[in-house]
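Chains, contacts and geometry: an overview
Residues per chain, in single letters:
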Amino acid sequence: MKLLSTFAAACLLQAAAVASTKPNVIFIYADDLGYGDIGCNGAKGVATPNVDKLASEGINFTDGHAASSTCTPSRYSIMTGQYAFRQKGTGILPGDAEMIIKPGSTTLPSIFKQAGYTTGAVGKWHLGLGSGKVDWNGEIKPSPNDIGFDESFIMAATGDRVPTVYIRNHRVENLDPVDPIEVDYKKPFPGLPDGKKDRATLKMDWSAGHNMAVINGIGRIGYMKGGTKALWKDDQMSQDFTREALGFIEKHKDQPFFLYFATHNIHVPRVPNAMFLDKSTMGLRGASIAEFDWQVGQVMQTLDKLGLAENTMVILSSDNGPVIDDGYKDEAKEKLGDHKPAGPYNGGKYSLFEGGTRVPFIVRWKGKVKPGTSSAIVNQMDFAASFAALTGVKLAADAVPDSLNVMPALLGESKTGREWLVEDSLPGNRLAYREGDWKLLLAGGRFPLQLFNLKDDLAEKKDLTAEHPEVVERLTKRLEEIRKSERTRPQS
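The structure contained in this document is the topic of the report that follows. (Residues numbered from 1 in each chain as written. Predicted model: local features only at pLDDT ≥ 70, side-chain atom pairs only at ≥ 80, totals over all residues. Heavy atoms only, no water.)

This part is about the pairing of strand β14 (residues 361-364). Burial along β14 is two-sided: the residues F361 and V363 and I362 and R364 are all buried. In terms of strand pairing, strand β2 (residues 59-61) meets β14 through two bridges, oriented antiparallel. Considered in β14, the bridge of N60 is made with I362. In terms of strand pairing, strand β13 (residues 312-318) meets β14 through four bridges, oriented antiparallel. By the bridge assignment, I315 is partnered in β14 with V363. (Buried < 20%, exposed > 50% of the residue type's maximum accessible area, 1.4 Å probe, protein only. Helix = DSSP H or I, 4+ residues; strand = E, 2+ residues; numbered from the N terminus. Pairing = 2+ DSSP bridges.)

Right under this line is the structure:
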């Protein structure tokens, strides 16, 4: 009897040791949510009590970054641990693009799988699907399931791009075979509504683009025919994705899991559920922020209910900075008031200024991460190397070439993360480089070469290129070295 109890105690200690090094990991990834769009970072006009609670129980990073100021490049870098500028075709993808991540390569989810985790992807994908022209009516491969995810429930691209359907694992959800889907990004299908000629009938008017196929009364990018029973309902999307995310958590509660929960909020078209329309003074954009906060709350409540909160690391961030008018007339600009979506920073989505990549970045691991704030520089691209280190996965020399291990900073054990940072902007494939307080923005298109000192000029208003040519020369040389190199992750 004594031997049995001793054995049981040893098993419990071993289980506790495994749990301490291999927590469940949930990454809640917002879309177009700015640094200043959450209450703990100064939001006005909308309350985010669940996000604020998460921040109060974890670390709120004031210098946390997406890898790019636009969606596809940021998501590519998270998954691969590689700068998007190193691979062609990593700009903002159309909804019918083929997969831009090669099956068999080392990815963030494949690292978790090597560590014994079950992995799931829910929500926005926007990294391409299939190989060549996608057949939406058959098996869609490769999908997230072919680059490291065990399960997936996603949209192909974004809410404003066709096809406007969900894909579970390798097939379109609820597709009726007698009503096949056709997608074309060049030519319309005769006889179907068109965002230009039928503009007067739209439920939400467009300000730029979004004038091709009309689905659910909203103009989209690209043309689509068929798949009527499979079409999503825009005002139910957040509930659909949240249901799937919670279902994954409940299904795998007894084993280590990694969940990539990429919400569509607060990307356009902003069509929040009716229960959020009175939660903000900022109209549909504010209501979408409130809806995102509800999604965060649902995840937190589920972890509490299942007793998983203390063994789950929750990370919350955004794929890039904020955008107000992104192609629809949804009164986001008119109802902004004194709310500052990027907080104290200049720029936003598509920009090389800090507001383009400096985004909400919160890490909570109850009992392991001491609550507070951190000014450490952390980048979403570093998740791959960081979680490999945490879970004991040895990386191949050519894997995740630009991902650095910043886990000590993510856990609050170190006050520094990265010592330098490359920021990427899609327009013109421009890059910026930060080192210490200095930040250099390369010239491109209508944008000149610029140098700022963030210690004295957080809003990047005073160009110092003329005053400090030696700094310009040094930073330009270092950025060029990074650009020409194949990797920046040190060989272990």
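Turning our eyes to something else, we now look at the sheet that holds β13. In spatial order, the strands read β7-β6-β5-β4-β12-β1-β13-β14-β2-β15; together these ten strands make up an open sheet with mixed pairing. Only two strands of the sheet have a single partner each, and these edge strands are β7 (171-172) and β15 (372-374). Sheet topology places strand β1 (residues 24-30) next to β13; seven bridges connect them, and they run parallel. Following the sheet pairing, Y29 is matched in β13 by S317. On the sheet, helix α2 (residues 49-56) packs against β2, β13 and β14 and is oriented at approximately 60 degrees with respect to β14. Sheet strands touched by helix α6 (residues 283-305): β1, β12 (257-262), β13 and β14. Its angle to β1, the strand with the most contacts, is close to 170 degrees. (Contact = heavy atoms within 4.5 Å. Axes fitted to C-alpha atoms, helices over the stretch in contact; angles between N-to-C directions.)

We now examine the side chain of S143. Checked against the element boundaries, S143 lands in the loop between β4 (118-124) and β5 (151-155). Reaching out from S143, the side chain makes a polar contact with the side chain of H170 at a distance of 3.4 Å. (Polar contact = N/O pair within 3.5 Å; in protein donor to acceptor, adjacent residues only side chain to side chain.)

Once that is clear, we can look at empty space enclosed by the protein. All chains considered together, the criterion is met by one cavity of 30 Å³ or more. The space that makes up the largest cavity amounts to roughly 90 Å³. In this structure, the largest cavity is lined by 16 residues; those nearest its centre are D234, H264, N265, P269 and V271. Looking at the lining of the largest cavity, the elements that each hand over two or more residues are α5 (237-251) and α6. When grouped by side-chain class, the residues that make up the lining of the largest cavity number four nonpolar, eight polar and four charged. (1 Å grid on protein atoms, 1.4 Å probe; cavity = no way out; pocket = protein on both sides within 12 Å on 5 of 7 lines; lining within 4 Å. Points joined across faces, edges and corners; volume = space filled by probe spheres on them. Nonpolar A, V, L, I, M, F, W, Y, C, P; charged D, E, K, R; others polar.)

Counted residue by residue, helix α8 (residues 383-391) has eight buried out of nine residues, so it is predominantly covered. Inspection of α8 places F383, A384, A385, S386, F387, A388, L390 and T391 among the buried residues, and these make up the whole buried set. The positive-phi residue at the C-terminal boundary of α8 is G392, with phi of around 80 degrees.

Before going further, it helps to examine the sheet that holds strand β18 (residues 430-435). Spatially, four strands are ordered β17-β18-β19-β20 in an open sheet, and the strand pairing comes out antiparallel. Two strands lie at the open edges of the sheet, namely β17 (420-425) and β20 (450-453), each paired on one side alone. The sheet shows a mean angle of 15 degrees between the axes of neighbouring strands, taken without regard to direction. Bridge analysis of strand β19 (residues 438-441) against β20 gives four bridges, and the strand direction is antiparallel. For K439, the partnering residue across the bridge sits in β20 and is F452. Each of β17, β18, β19 and β20 touches helix α10 (residues 469-484); the most contacted strand, β18, lies at about 115 degrees to it.

By volume, the largest pocket is sized at about 340 Å³. Together, 16 residues line the largest pocket, and Q82, S105, D398, V400 and P401 are the ones closest to its centre. For the lining of the largest pocket, the class distribution of residues is seven nonpolar, five polar and four charged. As a volume, the second largest pocket reaches approximately 210 Å³. Lining the second largest pocket are 14 residues, and of these L192, P193, V214, I215 and M224 sit closest to its centre. Elements that contribute at least two residues to the lining of the second largest pocket include exactly β9 (214-215) and β11 (223-225). A class-by-class count of the residues in the lining of the second largest pocket yields ten nonpolar, two polar and two charged.

On to the packing of aromatic side chains. Two descriptors summarise a pair of aromatic rings, namely the distance from one centre to the other and the angle between the planes of the rings. The final tally for this structure, using the stated rule, is 23 aromatic pairs. For the ring pair F27 and Y29, a centre distance of 4.7 Å and an interplane angle of 35 degrees mean the geometry is tilted. The pair F27 / Y29 is uniform in exposure class, with both members buried. Taken together, F27, Y29, F61, F112, Y117, W125, F149, F258, Y260, F361, F383 and F387 form an aromatic cluster joined through their ring pairs. Over the ring of W420 we find R418; its NZ or CZ atom is 4.9 Å from the centre of that ring. One Lys or Arg, R478, reaches over the ring of W420 and ends 5.2 Å from the middle of that ring. (Phe/Tyr/Trp six-rings, centres within 6.5 Å; stacked < 30°, edge-to-face > 60°. Lys NZ or Arg CZ within 6 Å of the ring centre and 35° of its normal.)

Spatial relationships are all this shows, so hold off on functional conclusions.
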